[in-house]
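These are the residues of each chain, in order.
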Amino acid sequence: MVISIKKLSPTDLAREMGAALMALRLQRNLTREQLGHQAGVPVSTLRRFETTGLAPVLTVARLAVALGCEDGLRGLFRGEDGLPETLDDLLDAEAKPVRQRASGRRRASS
């Protein structure tokens, strides 16, 4: 676990998110027009988000879905309580076999 000692202001954090989106878009070799079309977001809005970090939450969600990054948004405001997130997670946790240990007694060898 890495703990950052640098505390970002909300404005800095927003700019960082916009820059990260732009880097991911370029890494995937997408133009703003292509990503905007996939996400249903105007190019001018996408440009503003990439340069300033300013965009409505719904726009950010659309962009995340278009890039396949929605899991990061889904966990944004979740606490780290360790509780299962879905019914499948709960059932998987209950289905784990109970660990068995050796009895510590040795069998007599024949």
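Every residue gets a number counted from 1 within its own chain, in the order that chain's sequence is written. This being a predicted model, a pLDDT of at least 70 is required before a residue's local features are given, and a value of 80 or more before pairs of side-chain atoms are given or counted; all residues contribute to the totals for chains, interfaces and linings. With hydrogens and water set aside, each side-chain value is computed from the structure's full complement of heavy atoms.

J.: Tell me about unusual backbone geometry, and please be specific about residues and values.
T.: Backbone geometry places Asn 29, a non-glycine residue, at a positive phi of 60°. Residue Asn 29 is classed as exposed on the basis of its relative accessible area of 66%. When accessible area is computed with a 1.4 Å probe and restricted to protein chains, residues below 20% of their type maximum are described as buried, those above 50% as exposed, and intermediate ones as partly exposed.

J.: Requested: an account of the nonpolar core, with residues and values cited.
T.: In this structure, Leu 21, Leu 24, Leu 30, Leu 35, Ala 39, Val 41, Leu 46, Phe 49, Val 60, Leu 63 and Leu 67 together form the largest nonpolar core, which totals eleven residues. Those elements that place two or more of their residues in this core are α1 (10–27), α2 (32–39), α3 (43–52) and α4 (57–67). For Leu 30, the residues in contact, after removing those within four places along its chain, are Arg 25, Leu 35, Gln 38 and Leu 67. For this analysis, a nonpolar core means a set of buried residues of the types Ala, Val, Leu, Ile, Met, Phe, Trp, Tyr and Cys, connected via side-chain atoms within 4.5 Å. Segments assigned H or I by DSSP are reported as helices when at least four residues long, segments assigned E as strands when at least two residues long, and all are numbered from the N terminus. For this analysis, residues touch if any pair of their heavy atoms sits within 4.5 Å.

J.: Can you lay out α2 for me, pointing to particular residues and giving the numbers?
T.: For α2, the complete set of buried residues consists of Leu 35, Gly 36 and Ala 39. Buried residues of α2 fall within an arc of 100° about the axis and therefore sit on the same side. Note: the arc covers the axis-to-C-beta directions of the helix.

J.: Can you break down the pattern of salt bridges residue by residue, with the values?
T.: Here a salt bridge means any side-chain nitrogen of Lys or Arg lying within 4 Å of a carboxyl oxygen belonging to Asp or Glu. Enumeration according to the criterion identifies four salt bridges in this entry. Residues Arg 15 and Asp 12 are paired through a salt bridge, measuring 3.9 Å at the closest nitrogen-oxygen approach. Of this pair, Arg 15 and Asp 12 both sit in helix α1, three residues apart, which is roughly one turn of that helix. Residue Asp 12 is classed as partly exposed on the basis of its relative accessible area, which comes to 36%. The salt bridge partner of Glu 50 is Arg 25, with a shortest N-O separation of 2.6 Å. With Glu 50 in helix α3 and Arg 25 in helix α1, this pair connects stretches of sequence that are 25 residues apart. Shared partners join several salt bridges into a network, and the residues in it are Arg 25, Arg 32 and Glu 50.

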